[in-house]
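For reference, the chains in residue letters:
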Amino acid sequence: MISQFRPLQKKYLLLSFLVLSLQAESQSQPDLIQYAKPIIGTEKMGHTFPGATVPFGAVQLSPDTDTIPYESNNKYNPDVYKYCAGYQYTDKTIVGFSHTHFSGTGHSDLGDFLIMPSTGVLQLNPGTADHPENGYRSAFSHDNEIAEPGYYKVKLDDNNITAELTTTARTGFHQYTFPKSDQSHIILDLIAGIYNYEDKDVWTFVRIENDTLVTGYRQTNGWGRTRTVYFAMSFSKPMLSYGCKDYSKKQPYRGFWGKFNQSKNFPDLAGKQLRLYFDFKTEENEKIKIKFALSPVSTKNALENMQAEIPHWDFEKTKQEAQQAWNKELNKITITADNKEELINFYTAMYHAALMPTVYMDVNGEYKGLDQNVHKADGFTNYTSFSLWDTYRAFHPYQNIINPKRNGDIVQSMMAHYNQSALHMLPIWSHYANDNWCMSGYHSVSVVAEAYLKGTLVTGADKALDACVTTARQRNYEGIGLYIDKGYIPQDKNGVSVSTTLEYAYDDWAIAQLAKKLNRQDIYEEFSKRSQNWSNVYDASIGFMRPRLSDGSFKKDFDVLKTDGQGFIEGNAWNFSLYVPQDPAAMIAAMGGKKKFTTHLDSLFTMHLPDAFFAETEDITRDGIIGNYIHGNEPAHHVAYLYNWTDAAWKTQERVRMILKNQYHNGAAGLGGNDDCGQMSAWYIFSALGFYPVAPASDQYWFGSPAIKTATINLESGKTFSVEAIDQSDKNVYVKKVMLNGQLLNRRYITHDEIMNGGKLVFYMSAKPAK
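Residues numbered from 1 in each chain as written. Predicted model: local features only at pLDDT ≥ 70, side-chain atom pairs only at ≥ 80, totals over all residues. Heavy atoms only, no water.

Novice: Outline the overall build of the protein, listing residues and values.
Specialist: Helix and strand counts for the protein stand at 18 helices and 38 strands. For the protein, whose C-alpha radius of gyration is 26 Å, the value lies close to the compact-globule estimate of 28 Å for 771 residues. Dimensions of the protein along its principal axes, counting C-alpha atoms only, are 80 × 60 × 50 Å. Taking all 771 residues of the protein together, 64% fall into the buried category. For the protein, the computed accessible surface area is about 27800 Å², with 50% contributed by carbon and sulfur atoms. Separation of charge centres in the protein, based on 76 positive and 84 negative side chains, amounts to 3 Å. (Helix = DSSP H or I, 4+ residues; strand = E, 2+ residues; numbered from the N terminus. Rg over C-alpha atoms; globule rule 2.2 N^0.38 Å. Buried < 20%, exposed > 50% of the residue type's maximum accessible area, 1.4 Å probe, protein only. Areas by Shrake-Rupley, 256 points an atom, 1.4 Å probe, with all protein chains shown as cover. Lys, Arg positive; Asp, Glu negative; His and termini not counted. Charge placed at Lys NZ, Arg CZ, Asp CG, Glu CD.)

Below, the structure is given as structure tokens:
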């Protein structure tokens, strides 16, 4: 039996010191968590979750409002898409509270270890939204719901139970206030999950260690095909009894476990589909608390995580510490703005940009690697959940400014991934010791190169470049061999040939820049040449990027408006044809020059894209579209800034402010598209500050139009970089001039070093464009 109280005095003392430091620091910082609203993005396409977590924490303890299956009649069930984060604001019932969630994704997994309190006759079926009375789910009202950074509270109406949630990095803390009842229950559903299907649970193991401690693990085959999560669950009050129902299909071989009645008070449980319950008697307003810790390695480590992070039963103390951690994170940028709505948009964006990636190691540094062996992070914090097709664009550049140490650890985590990979590749889209290979490009190379080019990391640069090159030469991955041989990917070999060619070309440019910095001339020349491959899919006769076939001809049946079957992933030719962030000037020249390109860009924002052209693409909806510009998905996030390469830079300023107003709002439906692990929010933060990384691995951030009055970025070095927008208003969106440290800037960008060295950037704003 595992001891519940193993002494960890040294770790407790260290954690106590860190908590005291946080408390002292928080007393001198403004309260910014009042402006961060986790409920924003929980309706429609945002796919965010409202529950409790800490910055980049491994536990995301949040309500799930339905149990929609991934498949229906052996076909994909499109309704499941709404539940990528487990919660939809318009739902009327809560199924329970699970411990792992992605933020803002367009595909999903997780939803591990769902807990639900109940009273009365025990029901182990979750029921349905139409008939919640047939299961353990409960009706709820948003009038009785509170969602704050690090804290969630809701009243479960059907059983008159108040649920409260908070977390540390690896441990969820539940507090349930019960009515008086001789039949109070805590249900632990080990079948429930997000993007669930019948055989997703590979195996589940549970031990009842004593009357307050339960341990176990769950292995699933979903987006991550070999994902195993261990847990330790501790009750504040001894259970009276417990039981389990096994919903697994009968197996041809079952051994001799039939000698036991495993359904009631049996401490050694295993199966594919288990639901457990724990019985209590409660007095009126009695609180039952649960600490639920996770580990990627073992139940022993999960218990150690719990004891190190929450060695007490003081819920308010843990909540306060979680909110102090959030206030510290939000205070890395302090702003003044015209109104509270803009403060809420800004700090909610900062909140959403600090949810992922997540810590993926125990307090002792151990984690499970891609090789399924246990590794120990040496000198860095190991992270997981890299949605790189999204986050390389603005999220990682943002972290390189406000969290360079953390972003450096993220890059080291990617290098650990590479070293453990049987394919010798950096991550594409990885989580929980798995690469799920989602989306296109090999954008980890951009993140890795950027970190070294901007000085976030210094040591290990040559090994990092070697990893980037090896990844980019992996001929059997998504057309890379054809791309190397032909200079493009043929459409008859790959259905997203054009967008993948364009993305590879940018990534190759990022590799070339790092090679140049390291004086690796052969690599620089190879990948500089590859970075020009975008031109091989440009059809000058129509002015758009276009699919080419193996014989070199362009695809004849081609629609520049349609998003499906035209050679692009989650976008159309109008948006993706503008994806040459490494060389906008060359792209503009190819498209006919500055004047013609400006007219073309104007048309993108002002034309109308009928619904029929994106009806088959679930990641794009009307809410995220302005004209034919698709902001609700990532490929065109840099596009509004391309006017800077023309004679109409003022149009960038106009468009950016319009997008900020159109796509970001207060309220549950406040995001026009998936937040995608913080990318949508990072776009907002940069754009509100007045600059944006068009080519992320470049050191240049191109000017737009600041939407704040003032901002101060509190850098890790102790320096500050301030932004002031004089005379800025909803009307005064145009930039007359820009001053850096009192000197006039005669260029349309600021460099990374100029930000990190500290100083002051002043925009002088006007109602009239500077033409």
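Novice: Give me the sheet that holds strand 31 (residues 691-692): which residues, what numbers.
Specialist: Reading across from one edge, 31-32-37 is the order of the three strands in this open sheet, with antiparallel pairing throughout. This sheet does not close on itself; its edge strands, each paired only once, are strand 31 and strand 37 (749-751). Two elements, strand 32 (residues 700-703) and strand 37, share three bridges in a ladder whose sense is antiparallel. Residue pairing across strands places Trp-702 opposite Tyr-749, the latter belonging to strand 37. (Pairing = 2+ DSSP bridges.)

Novice: Describe the packing of helix 9 (residues 461-472) against helix 12 (residues 521-530), listing the residues and the values that go with them.
Specialist: Contact geometry of helix 9 with helix 12 gives a least axis separation of 12 Å together with a crossing angle of 45°. When the interaxial angle is binned, helix 9 and helix 12 end up oblique. Our pair here, helix 9 against helix 12, has a crossing hand that is left-handed. Contacts between helix 9 and helix 12 involve Leu-465, Val-469 and Ala-472 on the former and, on the latter, Ile-523, Phe-527 and Arg-530. A breakdown of the residues in the contact of helix 9 with helix 12 according to their chemical character gives five nonpolar, no polar and one charged. (Axes fitted to C-alpha atoms, helices over the stretch in contact; angles between N-to-C directions. Parallel < 35°, antiparallel > 145°, perpendicular 65-115°, else oblique. Left-handed = near helix turned anticlockwise from the far one by under 90°. Contact = heavy atoms within 4.5 Å. Nonpolar A, V, L, I, M, F, W, Y, C, P; charged D, E, K, R; others polar.)

Novice: Before we move on, could you go through the nonpolar core and cite the residues and values that matter?
Specialist: Of all hydrophobic cores here, the largest spans 215 residues; its most connected members are Phe-97, Met-233, Phe-278 and Phe-691. With 11 residues, helix 11 (residues 497-517) is the largest single contributor of residues to this core. Leaving out residues up to four positions away in the same chain, Phe-278 has contacts with Ser-184, His-185, Ile-186, Leu-188, Ile-208, Val-214, Met-233, Phe-235, Met-239, Ser-241 and Tyr-242. (Core = buried A, V, L, I, M, F, W, Y, C linked by side-chain atoms within 4.5 Å.)

Novice: How would you summarise the pattern of salt bridges if you had to cite specific residues and measurements?
Specialist: For the coordinates displayed, the defined rule picks out 36 salt bridges. Asp-623 is the partner of Lys-44 in a salt bridge, and the nearest nitrogen-oxygen pair spans 3.8 Å. Of this pair, Lys-44 sits in the loop between helix 1 (9-26) and strand 1 (62-64) while Asp-623 sits in the loop between helix 15 (594-606) and strand 29 (625-626), placing them 579 residues apart in sequence. The closest approach of N and O atoms between Lys-332 and Glu-329, which form a salt bridge, is 3.0 Å. (Salt bridge = Lys/Arg side-chain N within 4 Å of Asp/Glu carboxyl O.)

Novice: Explain the pairing of strand 18 (residues 274-282) residue by residue, including any values.
Specialist: Burial analysis of strand 18 places eight of its nine residues in the buried class, which makes it a mostly covered element. Sheet topology places strand 12 (residues 181-189) next to strand 18; seven bridges connect them, and they run antiparallel. Within strand 18, the position partnered with Ser-181 by the bridge is Thr-282. The pairing of strand 16 (residues 241-246) with strand 18 spans six bridges and is antiparallel. Paired with Tyr-242 across the strands is Phe-278, a residue of strand 18.

Novice: Explain the confidence of the model for the protein to me, and be specific about the residues and the numbers.
Specialist: In low-pLDDT segments, the atomic positions of the prediction should not be examined closely. Summing up the model confidence of the protein, the mean pLDDT is 95 and the portion of residues at 70 or higher is 96%. pLDDT under 50 marks residues 1-14. Its contacts with residues more than four places away, or in other chains, come to 29 contacts. (pLDDT = per-residue confidence, 0-100.)

Novice: With reference to specific residues and values, describe the state of the cysteines.
Specialist: Within this structure, the stated rule accounts for zero disulfides. Free of any disulfide, Cys-84 has its nearest cysteine sulfur in Cys-438, 10 Å distant. Look at Cys-84 and you get buried, because its relative accessible area is 1%. Among the cysteines around Cys-677, which has no disulfide bond, Cys-438 carries the closest sulfur, lying 10 Å off. Residue classification places Cys-677 among the buried residues on the basis of a relative accessible area of 3%. (Disulfide = S-S within 2.5 Å.)

Novice: Tell me about the packing of aromatic side chains, and name the residues and values.
Specialist: Per the counting criterion, the structure on display carries 47 aromatic pairs. Seen in terms of ring centroids, Phe-102 and Trp-429 are 5.5 Å apart; in terms of plane orientation they differ by 75°. Their pairing is edge-to-face. Of this pair, Phe-102 sits in the loop between strand 5 (96-98) and strand 6 (114-119) while Trp-429 sits in strand 26 (residues 429-430); the two residues are 327 residues apart in sequence, bridging distant segments of the chain. Accessibility classification places Phe-102 together with Trp-429 in one group, the buried group. (Phe/Tyr/Trp six-rings, centres within 6.5 Å; stacked < 30°, edge-to-face > 60°.)

Novice: Which residues make up helix 17 (residues 679-689), and what are the values?
Specialist: Residues three or four positions apart in an α-helix share a direction because the helix packs 3.6 residues into each turn. Burial within helix 17 is extensive, with 11 of its 11 residues counted as buried. Gly-690 occupies a position one or two residues after helix 17 and carries a positive phi of about 110°.

Novice: Go over unusual backbone geometry, please, and point to the residues and values.
Specialist: Here the residue pair Met-356 and Pro-357 is connected by a cis peptide bond, since its omega of -5° sits within 30 degrees of zero. Tracing the backbone shows Pro-357 in the loop between helix 4 (340-352) and strand 21 (358-359). A positive phi angle is found at Leu-110, which is not glycine, with a value near 75°. Mapped onto the fold, Leu-110 is located in the loop between strand 5 and strand 6. A relative accessible area of 1% places Leu-110 in the buried class. For Gln-372, which is not glycine, the phi dihedral falls at a positive 65°. Inspection of the secondary structure puts Gln-372 in the loop between strand 22 (366-368) and strand 23 (374-376).

Novice: Outline helix 16 (residues 649-663), listing residues and values.
Specialist: End to end, helix 16 covers 21 Å across 15 residues, agreeing with the expected 21 Å (1.5 Å per residue, within 8%). Counting buried residues in helix 16 gives 11 out of 15 residues, a clear majority hidden from the surface. When we look at burial in helix 16, the residues that qualify are Ala-649, Trp-650, Lys-651, Thr-652, Gln-653, Arg-655, Val-656, Arg-657, Ile-659, Leu-660 and Gln-663. (Expected span 1.5 Å × (residues − 1).)

Novice: For the sheet that holds strand 15 (residues 227-235), give the residues involved together with the corresponding values.
Specialist: Taken together, nine strands build an open sheet; the order of strands is 8-9-10-11-19-15-14-13-17 and the sheet is antiparallel. For this open sheet the edge positions go to strand 8 (145-148) and strand 17 (268-271), each flanked by a neighbour on one side alone. Averaged over all adjacent pairs, the angle separating strand axes in this sheet is 15°, with direction ignored. The pairing of strand 15 with strand 19 (residues 286-295) spans six bridges and is antiparallel. Within strand 19, the residue paired with Ala-232 across the bridge is Ala-293.

Novice: Hey, could you go over the environment of Met-306 for me, with residue numbers and the actual values?
Specialist: Along the polypeptide, Met-306 turns up in helix 2 (residues 299-309). Between the C-alpha atom of Met-306 and that of Ser-118, which follows or precedes it by 188 residues, the distance is 25 Å. With sequence-adjacent residues up to four places away left out, Met-306 is seen in contact with Thr-171, Ala-232, Met-233, Ser-234, Lys-291, Ala-293 and Pro-311.

Novice: Any chance you could break down the side chain of Asn-196 for me, citing the residues and the numbers?
Specialist: Checked against the element boundaries, Asn-196 lands in the loop between strand 12 and strand 13 (201-208). Its relative accessible area of 13% is what places Asn-196 among the buried residues. Aside from chain neighbours lying at most four places away, what touches Asn-196 is Pro-69, Tyr-70, Glu-71, Ile-191 and Arg-218.

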